[in-house]
Amino acid sequence: MSRALALVKPDGVQRGLAGEIISRIERKGLKIIGIKMIEMNSELAKQHYSDHVDKPFFSSLMNYITSGPIIALALEGPNSVQALRNLMGTTNPLEATPGSIRGDLGLSIEKNLMHGSDSEESAKRELNIFFNKVEIFEYQRTLDDWIIES
Ligand code: IDP
Ligand code: MG
């Protein structure tokens with residue numbers, strides 16, 4: 001079982017698509033083990049996107065991601081990183097597969113609705129940034145035998 005971080009970015013919240021995005025994550029079978037609305041400050045944003053500090057779009061990304069509330073989700077499931085990345089679609093919504101969240105709902109490479117961890121290693125790092133221990137809930141779902149290989 002692995003864990004991943006998803007964020008509904010400020011445009012997702014503003015456009016009233018948080019429910020749709022979270023619903024798709026739930027319907028896929030990923031288990032929500034943590035959820036909260038926060039507004040990212042520049043310190044948090046820099047920490048989260050530290051890999052992108054040298055990119056030409058970094059300052060624009062900082063403005064965008066701190067421009068309004070986001071919803072952070074801690075997720076669990078078999079290969080949850082891969083499941084989430086496939087559900088989300090590629091970075092540029094214009095190239096994302098129809099059926100994916102970005103492919104169906106977005107047009108902007110920057111305002112692309114959501115974030116999803118890109119590896120197990122970054123998932124661990126990112127979950128530590130957004131959630132502390134008491135905000136993560138470990139519980140059994142009675143339906144899991146129908147969703148997950150035993
Ligand atoms: P990802 O969100 O699909 O993992 P990353 O390459 O990690 O994509 O980029 C982080 C975020 O930076 C993207 O989700 C998007 O909001 C923004 N971004 C990425 N590439 C560009 C670009 O070329 N122009 C503007 N913003 C970008
Ligand atoms: Mg990324």
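In this text, all values refer to a predicted model and were calculated from it rather than measured experimentally. (Residues numbered from 1 in each chain as written. Chains lettered and ligands numbered in written order. Predicted model: local features only at pLDDT ≥ 70, side-chain atom pairs only at ≥ 80, totals over all residues. Heavy atoms only, no water.)

**What to know about the site of ligand 1**
Working step 1: Lining the immediate surroundings of ligand 1 are Lys 9, Tyr 49, His 52, Phe 57, Leu 61, Arg 85, Thr 91, Arg 102, Ile 109, Glu 110 and Asn 112.
Working step 2: For ligand 1, an oxygen atom lies 2.8 Å from a polar atom in the side chain of Lys 9.
Working step 3: Separating an oxygen atom of ligand 1 from a side-chain N or O atom of His 52 is a distance of 2.9 Å.
Working step 4: Taken by itself ligand 1 offers 530 Å² of open surface, and the protein chains cover 80% of this.
Working step 5: Judged by the fraction of its atoms near the pocket grid, ligand 1 is located in the largest pocket.
Working step 6: Each residue belonging to the shell around ligand 1 can be placed in one class, and the counts come to four nonpolar, three polar and four charged. (Near = heavy atom within 4 Å. Polar contact = N/O pair within 3.5 Å; in protein donor to acceptor, adjacent residues only side chain to side chain. Areas by Shrake-Rupley, 256 points an atom, 1.4 Å probe, with all protein chains shown as cover. 1 Å grid on protein atoms, 1.4 Å probe; cavity = no way out; pocket = protein on both sides within 12 Å on 5 of 7 lines; lining within 4 Å. Sits in = over half its atoms within 2 Å of the grid points. Nonpolar A, V, L, I, M, F, W, Y, C, P; charged D, E, K, R; others polar.)

**Quick notes on the layout of surface pockets**
To find the voids left in a structure, one rolls a probe of water-molecule size over its atoms.
Working step 1: For the largest pocket, the calculated volume is near 480 Å³.
Working step 2: Taken together, 22 residues make up the lining of the largest pocket; nearest its centre are Lys 9, Tyr 49, His 52, Thr 91 and His 115.
Working step 3: Sorting the residues of the lining of the largest pocket by element identifies α5 (80–88), β4 (114–116) and α7 (120–130) as the ones contributing at least two each.
Working step 4: Of the residues assigned to the lining of the largest pocket, the class counts are six nonpolar, eight polar and eight charged.
Working step 5: Reported here for the second largest pocket is a volume of approximately 300 Å³.
Working step 6: Residue lining of the second largest pocket: 13 residues in total, with Arg 3, Lys 124, Leu 127, Asn 128 and Ile 136 positioned closest to the centre.
Working step 7: Sorting the residues of the lining of the second largest pocket by element identifies β1 (2–8) and α7 as the ones contributing at least two each.
Working step 8: With five residues, the single largest contributor to the lining of the second largest pocket is α7.
Working step 9: Its residues assigned to classes, the lining of the second largest pocket comprises five nonpolar, three polar and five charged. (Points joined across faces, edges and corners; volume = space filled by probe spheres on them. Helix = DSSP H or I, 4+ residues; strand = E, 2+ residues; numbered from the N terminus.)

**Observations regarding the environment of Ser 59**
Working step 1: Residue position: Ser 59 is located in helix α4 (residues 58–65).
Working step 2: Here Ser 59 falls in the exposed class, since its relative accessible area comes to 51%.
Working step 3: Put simply, Ser 59 and Glu 43 are 16 residues apart on the chain and 13 Å apart in space, counted from C-alpha to C-alpha. (Buried < 20%, exposed > 50% of the residue type's maximum accessible area, 1.4 Å probe, protein only.)

**Description of the nonpolar core**
Working step 1: Membership of the largest hydrophobic core comes to 24 residues, with the highest contact counts inside it found for Val 8, Ile 21, Ile 25, Leu 73, Leu 75, Leu 84 and Met 114.
Working step 2: Of all elements in the fold, only β1, α2 (18–28), β3 (70–77), α5 and α6 (101–105) reach the threshold of two or more residues within this core.
Working step 3: The biggest single contributor to this core is α5, with five residues.
Working step 4: Ignoring sequence-local partners within four residues, the contact set of Ile 25 consists of Ala 6, Leu 30, Leu 73, Leu 75, Leu 84, Leu 87 and Met 114.
Working step 5: Ranked by size, the runner-up nonpolar core spans 19 residues in total, among them Tyr 49, Leu 61, Leu 127 and Phe 130. (Core = buried A, V, L, I, M, F, W, Y, C linked by side-chain atoms within 4.5 Å. Contact = heavy atoms within 4.5 Å.)

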